[in-house]
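Residue strings, one per chain:
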Amino acid sequence: MYWQTRFKQPSISSSLLLVLLHLAHFLPISKATSQRYSVRTLIGVDPNSRSHYEPTQTETNFKCLDGSGIVSFDAVNDDYCDCRDASDEPGTSACPHGRFFCQNAGYIPKTIPAGWVNDGRCDCCDGSDEYNTTSISCVDDCFILGEHWRAEQEKFKVISEQGSAIRSQYKQLAKSKRENATILLEQYKRELTDRENAVKALEQDLAADFGPDSVYYPLKGECFKYTDREYVYSLCPFERAVQESQGGAHTELGRWSGWNGPANNIYSSQKYENGLQCWNGPARSTVVSVTCGVESKLVSVSEPSRCEYTFDFITPAACPDTDPPQVDIEEPALTEASSDLNEEENASLEVEEETTEGFVDENLETSVHDGNNENTRHDEL
Ligand code: MAN
């Protein structure tokens, strides 16, 4: 076998036997088959694998732990590498990949590369790796190291207990923080959606045609009612026209589709289309005639042809524009004397801005005006 020839090392010197005898007192032998075998075979063996290294009445050969071969127990730790996994030489450096187990009684056991065994350096705190070195004498300082280690462990235990108690508090805090975060997240998401919708609505408003000087814009968000013998009609300018029966049935008479007056008076009429499909007929639609009045009011409703409705709506927005044309005048440069006054003006402007914001918000809501009743209601359609 190649690893036998390749890793053949000089045989163990006679002083090894003396060391082995010395080791014997802390490596108890379970079977009385051969003390010489047991002591030597157990050098460098991890206690968890110990049973594999003890000859019994029925088993007098050592089986390589990887199953790569079977050798006599004499061949274990004989400084000659027989097993591919180096398991026959845990206590010598005969195999290049062997591992040596340091007992390190009083401290922490460890394994070191078997190549470090008897190399003249103390690698195990109990000195067991240098059992056959004459050039160096290793001091067993495992107990001192262990003392230090145990003291550290003790300190860590105290810290650990205190820390664990605080950790429990962290856990509780984390739980309630997560709950709060979840609630806030949901709330912010809702607010974000509301804001996004508001942004869209405002963008649409600013891009919409509300007539000259946007004079019809104040009507957006308002609804005007007219009641006849059978129905209550509603006109929500720039949104929809609706018919409600006395029994509460709600029929859509069209959605805002645009201004449709003649070319020379386009803002005199509005069109609402694609309302509820008429039975055996077209989708309901409404034309709103818009004329000048001192108030905004739905004054009459008719259905000249089935499912085609005509609303008469009066509003000051349709009255002639008598304002003098607005001219942008450049502001004069401020003198020091006028700057105090300017601060006051700014202050009053801020107040106005707040009021305007209030107006915009209100304007997003829908107000209802009853054409047959002078009272104005604010409710949802
Ligand atoms: C409902 C109302 C009427 C309409 C008929 C058409 O009764 O909407 O205005 O004329 O349906 O079937």
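Residues numbered from 1 in each chain as written. Predicted model: local features only at pLDDT ≥ 70, side-chain atom pairs only at ≥ 80, totals over all residues. Heavy atoms only, no water.

(A) A look at the site of the ligand. Around the ligand, the surrounding shell consists of Tyr231, Gln243, Cys278, Arg284, Glu303, Arg306, Cys307 and Tyr309. The contact in question runs from an oxygen atom of the ligand to an N or O atom on the side chain of glutamate 303, over 2.5 Å. Surface burial for the ligand is 69%, taken as the share of its 310 Å² of free accessible area covered by protein chains. Among the residues forming the shell around the ligand, the class breakdown is four nonpolar, one polar and three charged. (Near = heavy atom within 4 Å. Polar contact = N/O pair within 3.5 Å; in protein donor to acceptor, adjacent residues only side chain to side chain. Areas by Shrake-Rupley, 256 points an atom, 1.4 Å probe, with all protein chains shown as cover. Nonpolar A, V, L, I, M, F, W, Y, C, P; charged D, E, K, R; others polar.)

(B) Geometry of helix H4 (residues 142-207). For H4, spanning 66 residues, the distance from its first C-alpha to its last is only 85 Å, which falls clearly below the expected 98 Å at 1.5 Å a residue. Among all positions in H4, only Cys142, Gly146 and Asp205 are buried. (Helix = DSSP H or I, 4+ residues; strand = E, 2+ residues; numbered from the N terminus. Expected span 1.5 Å × (residues − 1). Buried < 20%, exposed > 50% of the residue type's maximum accessible area, 1.4 Å probe, protein only.)

(C) Quick look at the nonpolar core. Ranked by internal contacts, the top residues of the largest apolar core, which has 20 residues, are Tyr216, Leu235, Val288, Leu298, Phe311 and Phe313. Elements that contribute at least two residues to this core include exactly strand E5 (222-227), strand E6 (231-236), strand E8 (250-259), strand E10 (285-292), strand E11 (297-305) and strand E12 (308-315). Those residues in contact with valine 288 that sit more than four places away from it in its chain are Leu235, Ser268, Ser269, Gln270, Tyr272, Phe311 and Phe313. Listed in part, the 10 residues of the second largest apolar core include Phe62, Val71, Val76 and Cys83. (Core = buried A, V, L, I, M, F, W, Y, C linked by side-chain atoms within 4.5 Å. Contact = heavy atoms within 4.5 Å.)

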